[in-house]
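Structural overview for review
These are the residues of each chain, in order.
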Amino acid sequence: MFIEQTRHCRRCFDPSGFIKLVAAVAITLAATVAPSVANFSGSVERGIDRPGGDFRTIILNRARPALCAKRCADEEACKAYTYVKPGVQGSKAKCYLKHTIRKAVKSECCTSGVKKSALEIIRLEPGRDRPGSDYKSRTLPHADVAICKNVCSADTQCKAFTYSKPGAQGPKAKCWYKNAKPAPVANTCCTSGVKTKAAALLTSTRGEDRPGGDYMSFEITDGDSATCASLCALDRECKAYTYVRRTSNGTKAQCWLKNVEAAAVKDNCCTSGIRKESRNANPTDNGKPLAFVFSERTKKDTRSGYMFPIDMPAIRWPKGYTGCSTSDKQQIHKAWALAHFYAWRAHQAMQYLDRNKGRRERMWNYDHINDYANAPSYENVSMRGWFGPYDGKRFVRIRDSIGKVWQKRFRGTTYTVKCRRNEGNRGAHPCYRKIPTTGNYPSANHLVNGTINFCDGWFSPNRRNSLRAKTIVHELYHWLKIPRSGYWVSDTHDYWVACGKYRAARPLYGKKAVYIANYNGCKGRNYNRTTRNNDNYALFTYMFGRAVYDGKTVRGLEFKRFPSSGFNW
């Protein structure tokens, strides 16, 4: 058999009976053809890393991805795995077992896989109780349905839950976890959640191919089109999928993910589908539009290679590059372009809220995750998640601060950058001095306004361009005097050591910023601390801007899309 890896999914029979899999593809990704694993049902993804979510690391004596897949199959808590080749993180191969399904990232270092049984989401049902089938309950420290949702998502025994509000069954909120799916009953006391397959978010049509628009492909070990649909549902970039059945002569089943809604073509080879949400591009609230509109027309930025909306203001690139190689400059251009986009969208969001005062508080809370201890902080795109509950005066300071950085830094000042790499006197520069509160070396620093130093860690091959962009956003928020106040912003890791015990427990910028926002400005002192914390501004800008660029927000495994025509509040 001959498989042409540069094209997807159309079957053509030649006179000798060989099968060729062909079709147009926008981006070729060698993520197929991995060893089959008899007891692992799901995807096998060669050339793919899924960073994060690890609960166990195993050093393998033999360099075989199948051994890692088997360990995941044998562990009930394992939802996905990543196998790392020898020589990448040491002389031996490594296996990372994961309790969550993280985004697939192209990397020749690795082979990953997602377990079929883990491809689920939780659908929330406000105003619904589901009495019965309880196997455990928990009184909550504070009222937040996300706590129930996150615990149920991680527990394989949990099929559904009911969250009861404070006052319904005692003075505090409570979670009831269920090992079945009892019938729903209307009741304002509660919000329930039910596990369902992620594939339910997509249409599914047998005998249909959607050639073109491919950016990623996987082998499906169980030959199930629902697994392919779920992988699409769990990927921010995916707008459609095509599953190609395995053939009688041994060709493995294939899953092709697409970043466009390619046109449907009748073909018995395949099952295809698109996101159901994509059919509703005009969200409304009680008949009134609740969106600011994005341009759907894009053009390619020649320096970074990224596609951006045609109405995005021109990028002001650094004017000088000291100590930077050609490849260093390419990395800087990619990250700088994304940082520019993120800051632009964050500024637009604040301007939109400014024009919609009557809806501002509800939009401020959009997609908020309050439970900083159990919910991943880097999935929090809401303003409340980084700045605390809505307050009119605090909103004005935040709006003006974000606007000032956008207008004065991204569209005003032209920066000089320095690549601090492989220098002789490594101890003399802050790039080579550990941050006392974290024990880590900085990835960048901004000691003199107008100059940014990129340290060794910033160029790490394991760091995504979006995270490099987050660092740039952080650095450009330095030297900010907050409008309408006498305050300057300061890093979490120096001024905000007043967090006390929390500092010792979780020395992470993002978690600290979420803590300051959600827990009364750091141990009950003052929510206005959030307006004086550089990390709160930078992390909100990064999270919100990235969510818009990727096409939707992500909260756990709930998917709330940004339609192409506008931002769905």
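Please refer to the structure placed before this passage.
Fair warning: this is a prediction, and the values are worked out from it, not measured in the lab.

Time to look at helix α7 (residues 392-410). For α7, which comprises 19 residues, the first-to-last C-alpha distance of 26 Å matches the rise-based estimate of 27 Å (1.5 Å per residue) to within 8%. N-cap assignment for α7: the residue whose side-chain oxygen lies 3.2 Å from the backbone N of K393 is D391.

So, about the sheet that holds strand β11 (residues 174-178). Taken in spatial order, the five strands line up as β8-β12-β10-β11-β9 in an open sheet, and their pairing is antiparallel. This sheet does not close on itself; its edge strands, each paired only once, are β8 (120-129) and β9 (134-139). Direction aside, the axes of adjacent strands within the sheet are offset by 20° on average. Contacts between helix α2 (residues 145-154) and the sheet are confined to β8, β9, β10 (160-164), β11 and β12 (185-197), with β10 contributing the most and set at about 160° to the helix.

With that settled, consider the packing of helix α4 (residues 326-355) against α7. α7 packs onto α4 with a crossing angle of 145° between their chain directions and a minimal axis gap of 9 Å. Note that α4 runs across α7; the crossing there is left-handed. Facing A339, H340, A343, W344, A346, H347, M350, Q351, L353 and D354 of α4, the residues of α7 in contact are F395, I398, R399, I402, G403, W406, Q407 and F410. Looking at side-chain class alone, the contact of α4 with α7 contains 11 nonpolar, five polar and two charged residues.

Counting residues in hydrophobic clusters, the biggest one holds 60 residues, and the most contacted among them are I332, W336, F454 and F540. Apart from residues no more than four positions distant in its own chain, W336 is found in contact with I315, R316, W317, P318, Y415, V417, I452, F454, I472 and L476. Core analysis: the second largest hydrophobic core is formed by 28 residues, A104, L201, Y241 and C255 among them.

On to the side chain of T451, then. Within the secondary structure layout, T451 lies in strand β25 (residues 451-454). Residue classification places T451 among the buried positions, given a relative accessible area of 18%. Discounting chain neighbours no more than four positions away, the residues touching T451 are Y415, T416, K418, N445 and H446.

Glancing now at the packing of aromatic side chains. With the rule as written, the count across this model stands at 22 aromatic pairs. Seen in terms of ring centroids, F308 and Y549 are 5.8 Å apart; in terms of plane orientation they differ by 55°. Their pairing is tilted. Of this pair, F308 sits in strand β21 (residues 307-309) while Y549 sits in helix α11 (residues 534-550), placing them 241 residues apart in sequence. Judged by its relative accessible area of 28%, Y549 falls in the partly exposed class.

The side-chain alternation of β25 yields two buried faces, one formed by T451 and N453 and the other by I452 and F454. Relative to β25, strand β23 (residues 416-419) is paired through four bridges, and the arrangement is parallel. Bridge pairing in β25 places C419 opposite F454. Across three bridges, the pairing between strand β24 (residues 444-448) and β25 is antiparallel. Across the sheet, the residue bridging to V448 is T451, located in β25.

Conventions used here
Residues numbered from 1 in each chain as written. Predicted model: local features only at pLDDT ≥ 70, side-chain atom pairs only at ≥ 80, totals over all residues. Heavy atoms only, no water. Helix = DSSP H or I, 4+ residues; strand = E, 2+ residues; numbered from the N terminus. Expected span 1.5 Å × (residues − 1). Polar contact = N/O pair within 3.5 Å; in protein donor to acceptor, adjacent residues only side chain to side chain. Pairing = 2+ DSSP bridges. Axes fitted to C-alpha atoms, helices over the stretch in contact; angles between N-to-C directions. Contact = heavy atoms within 4.5 Å. Left-handed = near helix turned anticlockwise from the far one by under 90°. Nonpolar A, V, L, I, M, F, W, Y, C, P; charged D, E, K, R; others polar. Core = buried A, V, L, I, M, F, W, Y, C linked by side-chain atoms within 4.5 Å. Buried < 20%, exposed > 50% of the residue type's maximum accessible area, 1.4 Å probe, protein only. Phe/Tyr/Trp six-rings, centres within 6.5 Å; stacked < 30°, edge-to-face > 60°.

Purely spatial values, then, with no claim about function.
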